[in-house]
Amino acid sequence: MRIVFIGPPGSGKGTQSQRLKDYLGIVHLSTGEMLREAQQQGTELGRAASAYMDRGELVPDEIVMRLVVDRTTEPDCASGCLFDGFPRTLAQAQAFDRILVERDRSLDLVISLEVSEELLRRRLLARGRHDDNEQTINERFRQHHELTEPLVDYYRSQGILRSIDGQGTPNEVFGRIAEAVDSARP
Ligand code: AP5
């Protein structure tokens, strides 16, 4: 299966992707993780992405597309993949659709995780990752609202969107996700 997770910062995309990856036995691709790795390795791509990530802004589409196109041609992605935090802009979603068509593939499901902003802030501040400070969190929320939320309508119009309540324990949320995934299995 090919599944996309969208949701604001702190909504549980990473947490739930880990579980779903084991449940389905498919590869988990987090563009945030891939960018942080590139940053740590000091690659050209990582250096180009750094300033945007530190400010809480989205990294330019060309950089992200380069990362995803390269990774998804690897053999372990052939039977399915879980995309965590990608696509994140309309331009990325449209470019991704073109790539899928070229490869004669399609998305099975897009999961939109919904969590109140108050709870998101609490989760992020409790975690305390490098970009989990008040100022950067505000910008990450702003970018999500402006650039990523339009994807909900984009995928709804394709008939593959499922909105899932991301509040409750990780187990409760996973139960809702597993149900949605089971009913979308081809
Ligand atoms: P990314 O790493 O994707 O960060 P994010 O979207 O801000 O998401 P987070 O990782 O903060 O949250 P999450 O939804 O994964 O929640 P998590 O499971 O970790 O991206 C980082 C940056 O990279 C972006 O700002 C951007 O600059 C760049 N980037 C990445 N992809 C890009 C793209 N496609 N285009 C352009 N730029 C891109 O949970 C958060 C916390 O809550 C954890 O501590 C967890 O333990 C806890 N938690 C989770 N679920 C629950 C629960 N049910 N109950 C209690 N606690 C919970």
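Look a little higher up for the structure.
These figures come from a predicted structure and were not determined experimentally.

To continue, consider the layout of surface pockets. Its boundaries defined by the atoms lining it, the largest pocket holds a volume of some 910 Å³. Around the largest pocket, the lining comprises 43 residues; the ones closest to its centre are Pro9, Lys13, Arg88, Arg129 and Arg140. Taken together, the elements giving at least two residues each to the lining of the largest pocket come down to helix H1 (13-24), strand E2 (27-30), helix H2 (31-41), helix H6 (117-127), helix H7 (134-148) and helix H9 (170-184). Here the lining of the largest pocket is composed, by residue class, of eleven nonpolar, 21 polar and eleven charged.

This part takes up the site of the ligand. Neighbouring the ligand are 29 residues, the closest being Thr15, Glu57, Arg88, Arg127 and Arg140. Interatomic distance of 3.2 Å between a backbone N/O atom of serine 11 and an oxygen atom of the ligand. Taking glycine 12, its main chain carries an N or O atom lying 3.1 Å from an oxygen atom of the ligand. Within the complex, 86% of the 1,000 Å² of free accessible area of the ligand lies under protein.

Next up on the list: the sheet that holds strand E4 (residues 109-114). Taken in spatial order, the five strands make up an open sheet running E2-E3-E1-E4-E5, and their pairing is parallel. The open sheet has two edge strands with one neighbour each: E2 and strand E5 (161-165). Recorded for the sheet is a direction-independent mean angle of 20 degrees between the axes of neighbouring strands. Where E4 and E5 come together, five bridges link them in parallel fashion. Each bridged residue has a counterpart across the sheet, and for glutamate 114 the counterpart in E5 is aspartate 165.

Leu35, Phe83, Phe96, Leu107, Val110 and Tyr155 are the most contacted members of the largest nonpolar core, which has 33 residues in total. In contact with phenylalanine 83, not counting residues within four places along its chain, are Arg2, Ile3, Val4, Phe5, Leu29, Val68, Thr72 and Phe96. Within the second largest apolar cluster, 17 residues are counted, among which are Ile3, Leu82, Ile164 and Val173.

Right, let's get into the pairing of E2. Along E2, one buried face is formed by Val27 and Leu29 and the opposite face, lined by His28 and Ser30, is buried too. Examined bridge by bridge, E2 and strand E3 (residues 81-84) share four bridges and lie parallel to one another. Bridge pairing links leucine 29 to phenylalanine 83 in E3.

The next point concerns empty space enclosed by the protein. Under the definition given, this model contains one cavity of 30 Å³ or more. The computed volume of the largest cavity comes to approximately 100 Å³. Lining the largest cavity, in full, are Arg2, Thr72, Cys77, Cys81, Phe83, Phe96, Ile99, Leu100, Arg103 and Arg105. Listed by contribution, the elements that provide at least two residues to the lining of the largest cavity are E3 and helix H5 (90-102). A class-by-class count of the residues in the lining of the largest cavity yields six nonpolar, one polar and three charged.

The subject of this paragraph is the packing of aromatic side chains. A complete count under the given rule lists five aromatic pairs for this structure. Seen in terms of ring centroids, tyrosine 23 and phenylalanine 174 are 5.5 Å apart; in terms of plane orientation they differ by 85 degrees. Their pairing is edge-to-face. Of the two residues, tyrosine 23 sits in helix H1 while phenylalanine 174 sits in helix H9, which places them 151 residues apart along the sequence. Residue phenylalanine 174 is classed as buried on the basis of its relative accessible area of 15%. Relative to phenylalanine 96, the ring of phenylalanine 83 lies with its centre 4.9 Å away and its plane at 70 degrees, an arrangement referred to as edge-to-face. In this pair, phenylalanine 83 sits in strand E3 while phenylalanine 96 sits in helix H5, placing the two residues 13 residues apart along the sequence. Phenylalanine 96 carries the same exposure label as phenylalanine 83, and that label is buried.

Calculation rules
- Residues numbered from 1 in each chain as written.
- Predicted model: local features only at pLDDT ≥ 70, side-chain atom pairs only at ≥ 80, totals over all residues.
- Heavy atoms only, no water.
- 1 Å grid on protein atoms, 1.4 Å probe; cavity = no way out; pocket = protein on both sides within 12 Å on 5 of 7 lines; lining within 4 Å.
- Points joined across faces, edges and corners; volume = space filled by probe spheres on them.
- Helix = DSSP H or I, 4+ residues; strand = E, 2+ residues; numbered from the N terminus.
- Nonpolar A, V, L, I, M, F, W, Y, C, P; charged D, E, K, R; others polar.
- Near = heavy atom within 4 Å.
- Polar contact = N/O pair within 3.5 Å; in protein donor to acceptor, adjacent residues only side chain to side chain.
- Areas by Shrake-Rupley, 256 points an atom, 1.4 Å probe, with all protein chains shown as cover.
- Pairing = 2+ DSSP bridges.
- Axes fitted to C-alpha atoms, helices over the stretch in contact; angles between N-to-C directions.
- Core = buried A, V, L, I, M, F, W, Y, C linked by side-chain atoms within 4.5 Å.
- Buried < 20%, exposed > 50% of the residue type's maximum accessible area, 1.4 Å probe, protein only.
- Contact = heavy atoms within 4.5 Å.
- Phe/Tyr/Trp six-rings, centres within 6.5 Å; stacked < 30°, edge-to-face > 60°.

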